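Each chain, written out:
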Amino acid sequence: MTSPVDATTTAAWSALTELKAGFTPDLRGWFDADPGRAERYTLDAGDLHVDLSKNLVDDEVLARLLELAEQVGVAERRAAMFAGERINVTENRSVLHTALRRPRSDSLVVEGTDVVPQVHEVLDKVYAFAEAVRSGSWTGVTGKRIATVVNIGIGGSDLGPVMVYEALKPYVQDGLECRFVSNIDPTDVAEATKDLDPETTLFIVASKTFTTLETLTNARLARAWLLDGVGNAEGAVAKHFVAVSTALDKVADFGIDPDNAFGFWDWVGGRYSVDSAIGVAVAVAIGPENFADFLAGFHAVDEHFTTAEPARNVPLLMGLLNVWYDNFFGAQTHAVLPYAQYLHRFPAYLQQLTMESNGKGVRYDGSPVTTDTGEVFWGEPGTNGQHAFYQLIHQGTRVIPADFIAVANPAHPLTDGDADVHELFLANFFAQTAALAFGKTADQVRAEGTAEEIVPARVFTGNRPTTSIMAPALTPSVVGQLIALYEHITFVQGVVWGIDSFDQWGVELGKQLAQQVTPAVGGDEEALSAQDPSTQALIRYYREHRTR
Ligand code: F6P
């Protein structure tokens, strides 16, 4: 196995360390002295218009960051990923989510097999199924057309589909609704089904492995609910359950007709899978044509990432900026703030994408990482966040890089009297990044007549880094582009840190322990005594207080 280059030993890292030591961010001064800054630092990737100019960088820092990318071999690793080399070392797998959005006319031979025809064969099956549900030719066991699709999955088998469904609500066919069940808390499935008619409900069981406890438990609960609701009608499961998995044998064991199962491959990571058959709920909701546009959006950004020169390459630069903040400014978190209500699940989706990918303490050769990795991603749609946590971003003591996302055309162009409400909304988007960048000086505060003792509390230091991402509208293609952008940002950071961004061993221990603890929770004294004192006491509390 080759070892990753240790970024901290590169000449570029040393140069960046030195630069940072004498670095005084001055966005006001930089913009005053350089009228071309905004234009120079604004780039396009597909339909995404990305303004990097309010970041704490100058040309020299950017040049050194690009050298860092070169010295750790980002381009080589990117080529290896796109070619299907087994860069997911700890699972000995290729990483080929980018193959999922290649056009039908492409070809990509990996270890002797062209994967593109395989991808399109599954897509054709997904599209035919989506059409059947949408047209009403697919009916439930009593002959009624499907009104509600319930996706049962968790992690990547939930967060991607639900985020995209919410983002593309205006594209959902009238008379169709999707719901999403993920949590093993029985409340989730109970709430999702309580007002549904079993005769018009279709379940999609989405699980890459088809072993995930939460998903299989919820699928069994849903199956019992369905059978109860249709009087155990023969053939009910076949008409009301489909599955998406890489383990089609396990799907059959569950009782789902393999004809109603959509496959994918072990080279698609769960958090990179919404563009595979895992997105079938979305395909049903928005239709094959829109789903194809969604995939084309991903592909446009893949093309940008692989062909744009480094200095104009948006995912590369955004990944490197994150490294700059994480490792040289000590940033521990990164806010993502969509000024688009339909993107309200985007931060949650990004949490899995980024944190399951880059929350690692060892590099892909097993050696410890040499610098911090994996910042915490978080966020809420603007303007809600403005009235909640922006205070800390504006005046707190920590560096919190923030990505602001907005579209020019709203789905609902409403007016309030003479006011265009989308414009009121966007005025906030523009104002916030300006306030964060340029702040408000003590003299400006005084000039407003503020009493001297209050002046310090009303000063805004500015120099708070933001990236603004705009697009013409929240179309299926733009949503695909946004996802691909963040996938590649995550990849770039992972390469700099030398980690395997495509495994997720860190979720295993908790799963194993939950299995060991289950008998103790159920009252097995021997299993209980095997637990640590704190866990024992908590379980005893639970057992004493449970009344039903
Ligand atoms: O536990 C983490 C994880 O493996 C995620 O990576 C994955 O997206 C999720 O569980 C669901 O897994 P599956 O699709 O196999 O049910």
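Given the structure is predicted, the values throughout are model-derived calculations rather than measurements. (Residues numbered from 1 in each chain as written. Predicted model: local features only at pLDDT ≥ 70, side-chain atom pairs only at ≥ 80, totals over all residues.)

### Examining the overall build of the protein chain
Stated formally: Every helix listed is a DSSP run of H or I at least four residues long, and every strand listed is a run of E at least two residues long, numbered separately from the N terminus. Atoms counted for the radius of gyration: C-alpha only. Globule rule: 2.2 Å times the number of residues to the power 0.38. Here exposure depends only on C-beta density: within 10 Å of a residue's C-beta, 20 or more other C-beta atoms make it buried, 12 or fewer make it exposed, and intermediate numbers make it partly exposed, the C-beta atoms being placed from the backbone. A residue pair is marked as a contact if its C-beta atoms, positioned from the backbone, fall within 7 Å.
Counting its secondary structure elements, the protein chain contains 23 helices and 15 strands. Taken over C-alpha atoms, the radius of gyration comes to 25 Å for the protein chain, in line with the 24 Å a tight globule of 548 residues would show. C-alpha extents for the protein chain along the principal axes are approximately 75 × 65 × 60 Å. Expressed as a percentage of its 548 residues, the buried residues of the protein chain come to 44%. Sequence separation of at least 24 residues holds for 75% of the intrachain contacts in the protein chain that already meet a minimum separation of 6.

### Observations regarding the sheet that holds strand β5 (residues 148–152)
Formally: When DSSP locates at least two bridges between a pair of strands, those strands are taken to pair. Orientation is described by lines fitted to C-alpha atoms, with helices fitted over the stretch in contact, and by angles between N-to-C directions that extend from 0 to 180 degrees.
Pairing is parallel across the open sheet formed by five strands, whose spatial order is β6-β5-β7-β8-β9. Sheet topology places β6 (177–181) and β9 (261–263) at the edges, where each strand pairs with a single neighbour. Across the sheet, the mean angle separating the axes of adjacent strands is 20° when strand polarity is ignored. Where strand β8 (residues 241–245) lies against β9, three bridges are found, and the strand directions are parallel. Bridging across to β9, Ser-245 finds its partner in Gly-263. Against the sheet, helix α6 (residues 115–135) touches β7 (201–206), β8 and β9, its axis set at about 150° to β9.

### Focus: the pairing of strand β15 (residues 466–473)
Looking along a regular strand, one sees the side chains alternate between the two faces of the sheet. Bridge count for strand β2 (residues 48–51) against β15 is three bridges, and the pairing is antiparallel. Directly across from Asp-51, in β15, lies its bridge partner Ser-468. Taken together, the seven bridges between strand β12 (residues 402–409) and β15 define a ladder with parallel strand orientation. Paired with Asp-403 across the two strands is Thr-467, which belongs to β15.

### Brief notes about unusual backbone geometry
Residues Gly-382 and Thr-383 are joined by a peptide bond in cis, for which omega reads 5°. Among the structural elements, Thr-383 can be located in the loop between β11 (376–378) and α16 (390–395). Of note, the phi angle at Phe-210 is positive, near 55°, even though the residue is not glycine. Note on placement: Phe-210 falls in the loop between β7 and α9 (213–229). Of note, the phi angle at Asn-232 is positive, near 55°, even though the residue is not glycine. With respect to the helices and strands, the residue Asn-232 is situated in the loop between α9 and α10 (236–240). By the C-beta count within 10 Å, which is 9 here, Asn-232 ends up exposed.

### Considering the nonpolar core
Filter applied, for reference: The term nonpolar core means buried Ala, Val, Leu, Ile, Met, Phe, Trp, Tyr and Cys residues held together as one set by C-beta atoms within 7 Å.
Residues Ile-204, Val-280 and Leu-320 are the most contacted members of the largest nonpolar core, which totals 142 residues. Not counting residues up to four positions away in its chain, the partners in contact with Val-280 are Val-126, Phe-129, Ile-204, Val-244 and Phe-262.

### Some words on the sheet that holds β15
Strand order in the open sheet formed by six strands is β1-β2-β15-β12-β10-β11, with mixed pairing between adjacent strands. Each end of this open sheet is capped by a strand with a single partner; those strands are β1 (42–45) and β11. Sheet twist, expressed as the mean angle between neighbouring strand axes with direction ignored, is 20°. Sheet topology note: the β1/β2 ladder contains four bridges and is antiparallel. Note on β2: the bridge partner recorded for Asp-44 is His-49.

### What about the UniProt feature "active site" (unreviewed entry) in the protein chain?
Rules: UniProt positions are given in the numbering used here, feature names are shortened, and annotations may be inferred rather than shown by experiment.
On the UniProt side, "active site" (unreviewed entry) is annotated at positions that read Glu-356, His-387 and Lys-511 here. Spatial dispersion of the annotated residues is evident: they stretch over 156 residues in sequence, and the largest pairwise C-alpha distance comes to 37.2 Å. As for its position among the elements, Glu-356 is in helix α15 (residues 346–358). By the C-beta count within 10 Å, which is 12 here, Lys-511 ends up exposed.

### Comments concerning helix α21 (residues 508–521)
For an α-helix, 3.6 residues make a turn, and residues three or four places apart therefore share a direction. To keep it simple, the criterion reads: Given the number of residues in a helix, its expected span is that number minus one, multiplied by 1.5 Å. At every residue, the bend is computed as the angle between two fitted axes, covering the seven residues ending there and the seven beginning there respectively.
Taking 1.5 Å of rise per residue, 14 residues should cover 20 Å, and α21 covers 20 Å from first to last C-alpha, within 8% of that figure. Its maximal kink placed at Gln-515, α21 deviates by approximately 30°, while the proline Pro-519 follows within four residues. Counting buried positions over the 14 residues of α21 gives one, only a small fraction of the element. Once α21 finishes, Gly-523 follows within two positions and takes phi at roughly 110°, a positive value.

### So, the site of the ligand
Quick note on the threshold: Using a C-beta atom placed from the backbone, a residue is scored as near a molecule or strand whenever that atom is within 6 Å of it. Polarity classes work like this: nonpolar for Ala, Val, Leu, Ile, Met, Phe, Trp, Tyr, Cys and Pro, charged for Asp, Glu, Lys and Arg, and polar for all others, with Gly in that last group.
Taken together, 14 residues are adjacent to the ligand, and Gly-155, Gly-156, Ser-207, Thr-212 and Gly-270 come closest. For the shell around the ligand, the residue count by class is two nonpolar, nine polar and three charged.

### Concerning α15
Between its terminal C-alpha atoms α15 stretches 18 Å, which fits the 18 Å expected from 13 residues at 1.5 Å a residue. Within α15 the residues assigned to the buried category are Phe-346, Pro-347, Tyr-349, Leu-350, Leu-353, Thr-354, Glu-356, Ser-357 and Asn-358. Elements that come into contact with the buried residues of α15 comprise α7 (159–167), β10 (333–339), β11 and α20 (476–497).

### Comments concerning the confidence of the model for the protein chain
Definition in use: Summary of the metric used: pLDDT quantifies the predictor's per-residue confidence within the range 0 to 100.
Of all residues in the protein chain, 100% attain a pLDDT of 70 or more, and the chain-wide mean is 97. Across the interface, the model reports ipTM at 0.98; the global pTM reads 0.98.

### Things to note about the packing of helix α4 (residues 59–72) against helix α14 (residues 314–328)
Applicable threshold: Roughly parallel means an angle under 35 degrees; roughly antiparallel, over 145; roughly perpendicular, 65 to 115; everything else is oblique.
The N-to-C vectors of α4 and α14 enclose an angle of 100°; their axes lie 10 Å apart at closest approach. When the axis of α4 is compared with that of α14, the two are roughly perpendicular. Residues Val-61, Leu-65, Leu-68 and Ala-69 of α4 touch α14, and the partners they reach there are Leu-316, Leu-320 and Trp-324. Residue composition of the contact of α4 with α14, grouped by class: seven nonpolar, no polar and no charged.

### Thoughts on the packing of helix α13 (residues 288–307) against α20
Inclusion rule: Two helices cross in a left-handed way if the nearer one is turned anticlockwise from the farther one by less than a right angle. They cross in a right-handed way if the turn is clockwise.
Contact geometry of α13 with α20 gives a least axis separation of 7 Å together with a crossing angle of 40°. The angle between α13 and α20 places the two elements in the oblique class. Where α13 crosses over α20, the handedness of that crossing is right-handed. Mapping the contact onto sequence places Asn-290, Phe-291, Asp-293, Phe-294, Leu-295, Ala-296, Gly-297, Phe-298, Ala-300, Val-301, Asp-302 and Phe-305 in α13 and Pro-476, Ser-477, Val-478, Val-479, Gly-480, Gln-481, Ile-483, Ala-484, Leu-485 and His-488 in α20. Tallied by class, the residues present in the contact of α13 with α20 amount to 14 nonpolar, six polar and two charged.

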